[in-house]
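This is what each chain is made of:
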Amino acid sequence: MSQIESVLHETRSFPPSEAFRAAARISSAEEYERLYRESLDDPEAFWGRIARELPWIEPFEEVLDWSGAPVARWFTGGKTNASLVCVDRHLDGPRADKTAILWEGEPGDVRTLTYAELGAEVRRFANALKARGVKKGDRVAIYMPMVPELAIAVLACARIGAPHSVIFGGFSAQSIKDRVEDGGCTAVITADGGWRRGKPLPLKATVDEALVHAKDVHTVFCVRRCENDVDWVEGRDVWWHDAVAAADDDCPPEPMDSEDTLFLLYTSGSTGKPKGIQHTTAGYLVGAYLTSRYVFDLRDDDVYWCTADIGWVTGHSYIVYGPLANGATVVMYEGAPNEPHPGRFWELVQKHKVTVLYTAPTAIRAFMKWGDEHPAKFDLSTLRLLGTVGEPINPEAWMWYRRTIGGERCPIVDTWWQTETGAIMITPLPGVTATKPGSATRPFFGVDAAVVDEEGNELGPNEGGLLVLRKPWPSMLRGIWGDPERYRETYWSRFPGLYFAGDGARKDEDGCFWIMGRVDDVLNVSGHRLSTMEVESALVSHEAVVEAAVVARPDELTGEAICAFVTVGAGGEPSDALRDALKEHVAVEIGKLARPAEVRFAEALPKTRSGKIMRRLLRDIAAGRETVQDTTTLEDYSVLARLRGDEE
Ligand code: 7RM
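Keep in mind the model is a prediction, meaning the values are calculated, not measured. (Residues numbered from 1 in each chain as written. Predicted model: local features only at pLDDT ≥ 70, side-chain atom pairs only at ≥ 80, totals over all residues. Heavy atoms only, no water.)

Asks: Give me the lowdown on the pattern of salt bridges, citing residues and values where you can.
Replies: Within this structure, the stated rule accounts for 46 salt bridges. Arginine 518 is the salt-bridge partner of aspartate 503, the closest N and O atoms lying 3.0 Å from each other. Of this pair, aspartate 503 sits in strand β24 (residues 499–507) while arginine 518 sits in strand β25 (residues 513–518); the two residues are 15 residues apart in sequence, bridging distant segments of the chain. On the basis of relative accessible area, aspartate 503 is assigned to the buried category, the value being 7%. Residue classification places arginine 518 among the partly exposed positions, given a relative accessible area of 38%. Three or more residues are tied together by salt bridges with common partners; here these are Lys204, Asp208, Arg236 and Asp237. (Salt bridge = Lys/Arg side-chain N within 4 Å of Asp/Glu carboxyl O. Helix = DSSP H or I, 4+ residues; strand = E, 2+ residues; numbered from the N terminus. Buried < 20%, exposed > 50% of the residue type's maximum accessible area, 1.4 Å probe, protein only.)

In structure tokens, the structure reads:
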């Protein structure tokens, strides 16, 4: 009953090329197996050794203290600082003059910061924070465009021990207000604006609106980016450039206990208010450091680009902390992927000679829709490795990414993880793993992942069930800010002793994991529990379909019936004939039980600001209900209205 039937079977497999394997950091299955075994059998030895690769102000005494489960303590007794790990450790050698951040604004302006320059900027802004009374333990909200000052602000907060709470620059005033209040933030860092599709996004104005009644916020720092007009609250507001001009660049890192909070990051629950996911210092850094090194196989000559916004965990771990801890050159881009043309990303790859590219399935599907002619205009031959994150990637999109962007030569790392896990958990290692389109493949070092039934019993090969993690890991969340009970309840109550991720999955006969989407989204048709992802994947494999979202609506006969929302590409026109063809296509690909009762054509699907489809909103639309759910993370409100209009 509890199991999820898996109906799609992908059999293609792509081992790394000999050239890639030979040069990779981990290049043999034996080496991977040995390290993986050690990481599970003797985590103290494994993680202790990795942690000692990073700089410490005081050494740690114990690797893991799990006596307070489910709140772990890693590297206890140790003291370090994230800015020491990400910046200072590179300043004594040749990396001091290496580019740390290679930034391009949407209008095409470029700025580079070497590690030495980044260090000076971080120390100066850290002193500017101090000068306004921000001290260790104070929470600082950051609401900024993707400009270098965002990375500097994050590292400066870390330097003085003030946990940051980055709020994605697309959120509304109400969302900022809720997050500032929940986190008890006393200072905010923002900008006049950020460029988005040729226009300045008025960030400062949104912060002003959010803070109207916020008595506890004593300072708002404002970066001048777009030179748009801003209102000014005397005594509260400070220009970034004035504050750093007055600050000197000598600022020793605050010695932080391993378990001191590094940051809060809010993630939307399916219901209720957003959860302030709490990460601490040393364990998080060790996780971000090691995964960046091995999953992206980072080398000193790589030009690494993660296209996420720093407002999401992907940007925290894989723009800022992980790559910088490895001394990498990180590309940062401010604007939209189709501004001023749909080939902008590929133009950036060519111009900056990007070697490693990490992006999301939602972006890949958009590129497919925009057409192959755009990437074809640019030289993508510097790319050597591709990654994806955020959602299950359908095999169609995976194959397109491999062929059109990767020139059939780049391995693809499909990385499964969560805000809560802090770092990548299930992923190929690019020099070792034979990748399969749609599978995140194997658990990373130290990760004990399993698929279980409703009772917590491990399931056999290819049986769909619930994804759990059975051992603590260094970068795991330590709690939900201000709500320890919700932490236990959400992640640890379903199966005592196991971390419940909320995702469905199956593990195949080779030990590869196939993530089947959120279990809240599972369909139940005539007693068959089906994964939304598999039905969507079947729909998207039809040539006319670009994106699909599938939900269940109540049905008298079958309990639930499948309702599919699809967007069509240039090659298709919505019609009754296409509707029937799509239903038939799913029946052929998967079986009659998965045949959608209804297919609705949509111009766009409701997505979160990080690109995940919000199926819970579509469920209301399919059932003809008004939605009473949290829509604050919705990217484009008009999509919902348009979808509702379709019903008439
Ligand atoms: C990094 C991030 C987490 C949820 C997670 C999954 C889904 C993420 C993949 C994936 C299939 C992947 N953090 N998810 N990566 N599903 N394959 N490679 O996205 O907190 O915002 O979301 O995203 O459902 O639980 S997140």
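The structure having been displayed, the exposition proceeds.
Asks: Any chance you could break down a negative patch on the surface for me, citing the residues and the numbers?
Replies: A grouping of Asp42, Glu44, Glu58, Glu61 and Glu62 is seen on the molecular surface, where their side chains present a negatively charged patch. Here glutamate 61 shows up in the loop between α3 (43–51) and β1 (62–65). (Patch = residues over 30% accessible without salt bridge, like charges linked within 9 Å, V, L, I, M, F, W, Y side chains within 5 Å. Areas by Shrake-Rupley, 256 points an atom, 1.4 Å probe, with all protein chains shown as cover. Lys, Arg positive; Asp, Glu negative; His and termini not counted. Charge placed at Lys NZ, Arg CZ, Asp CG, Glu CD.)

Asks: Pulling in residues and values, what's your account of the site of the ligand?
Replies: Around the ligand, a shell composed of 16 residues is seen, among which Asp414, Thr415, Thr419, Asp503 and Lys612 lie nearest. Within the contact set of the ligand, an oxygen atom lies 2.7 Å away from a side-chain nitrogen or oxygen of aspartate 503. Lysine 612 places a side-chain nitrogen or oxygen 2.8 Å from an oxygen atom of the ligand. Out of a free accessible area of 530 Å², the ligand has 91% covered by protein chains. (Near = heavy atom within 4 Å. Polar contact = N/O pair within 3.5 Å; in protein donor to acceptor, adjacent residues only side chain to side chain.)

Asks: How would you sum up empty space enclosed by the protein? Please name residues and give values.
Replies: Evaluation of the coordinates by the stated rule reveals four cavities of 30 Å³ or more. Looking at the largest cavity, its volume works out to about 60 Å³. Together, Trp47, Gly287, Thr291, Ala423, Ile424, Met425, Phe444, Phe445, Val447, Trp473, Pro474 and Ser475 line the largest cavity. When its residues are assigned to classes, the lining of the largest cavity shows nine nonpolar, three polar and no charged. (1 Å grid on protein atoms, 1.4 Å probe; cavity = no way out; pocket = protein on both sides within 12 Å on 5 of 7 lines; lining within 4 Å. Points joined across faces, edges and corners; volume = space filled by probe spheres on them. Nonpolar A, V, L, I, M, F, W, Y, C, P; charged D, E, K, R; others polar.)

Asks: How would you explain helix α6 (residues 148–160) if you had to name every residue and give the values?
Replies: With 13 residues, α6 ought to run about 18 Å at 1.5 Å a step, and its terminal C-alpha atoms sit 19 Å apart, in line with that. Burial runs high along α6: 13 of the 13 residues are buried. One or two steps after α6, the chain reaches glycine 161, where phi turns positive at roughly 80°. (Expected span 1.5 Å × (residues − 1).)

Asks: Requested: an account of the sheet that holds strand β17 (residues 329–333), with residues and values cited.
Replies: Within the open sheet, the seven strands sit side by side as β5-β4-β17-β16-β18-β19-β20. Their pairing is mixed. Whereas interior strands pair on both sides, the edge strands pair on one side only; in this sheet they are β5 (110–114) and β20 (412–414). Put simply, the sheet's adjacent strands are angled 20° from each other on average, direction ignored. Of the strand pairs in this sheet, strand β4 (residues 99–104) and β5 are connected by five bridges, and their pairing is antiparallel. For leucine 102, the partnering residue across the bridge sits in β5 and is threonine 112. Packing of α6 onto the sheet brings it into contact with β4, β5 and β17, and relative to β5 it is tilted by some 30°. Where helix α11 (residues 313–325) meets the sheet, its contacts fall on β4, β16 (303–306), β17 and β18 (356–359), and the angle it forms with β16 comes to roughly 160°. (Pairing = 2+ DSSP bridges. Axes fitted to C-alpha atoms, helices over the stretch in contact; angles between N-to-C directions. Contact = heavy atoms within 4.5 Å.)

Asks: Explain the sheet that holds strand β29 (residues 559–568) to me, using residue names and the numbers behind them.
Replies: Hydrogen bonds between backbone groups are what pair the strands of a sheet, and the pairing can be parallel or antiparallel. An order of β28-β29-β30 is seen for the three strands of this open sheet, with the pairing classed as mixed. Strands at the two margins of the open sheet, each flanked by one partner only, are β28 (545–555) and β30 (598–601). Direction aside, the axes of adjacent strands within the sheet are offset by 25° on average. Pairing of β29 with β30, which is carried by four bridges, proceeds in the parallel orientation. In the sheet register, valine 566 faces β30, and the bridge partner there is phenylalanine 601. Sheet strands in contact with helix α18 (residues 576–589) are β28, β29 and β30, and its direction is about 130° off that of β30.

Asks: I'd like to hear about the nonpolar core, residue by residue, with values.
Replies: Within soluble globular proteins, side chains that are nonpolar tend to cluster in buried spots. Residues Leu118, Phe125, Ile142, Ile189, Phe296, Tyr321 and Phe445 are the most contacted members of the largest nonpolar core, which totals 140 residues. For this core, the element with the most residues is α6, which contributes 10 residues. Every residue in contact with leucine 118, bar those within four places of it in the chain, is listed here: Val87, Ala100, Ile101, Leu113, Ile152, Leu155 and Leu324. Grouped together as the second largest cluster of nonpolar side chains are 28 residues, Trp305, Phe345, Leu348 and Cys410 included. (Core = buried A, V, L, I, M, F, W, Y, C linked by side-chain atoms within 4.5 Å.)

Asks: Pulling in residues and values, what's your account of the side chain of threonine 435?
Replies: The residue threonine 435 is located in the loop between β20 and β21 (449–452) in this model. Among the residues examined, threonine 435 registers a relative accessible area of 5% and is labelled buried. Apart from residues no more than four positions distant in its own chain, threonine 435 is found in contact with Arg12, Ser13, Phe14, Trp398, Ile412, Pro428 and Thr441.

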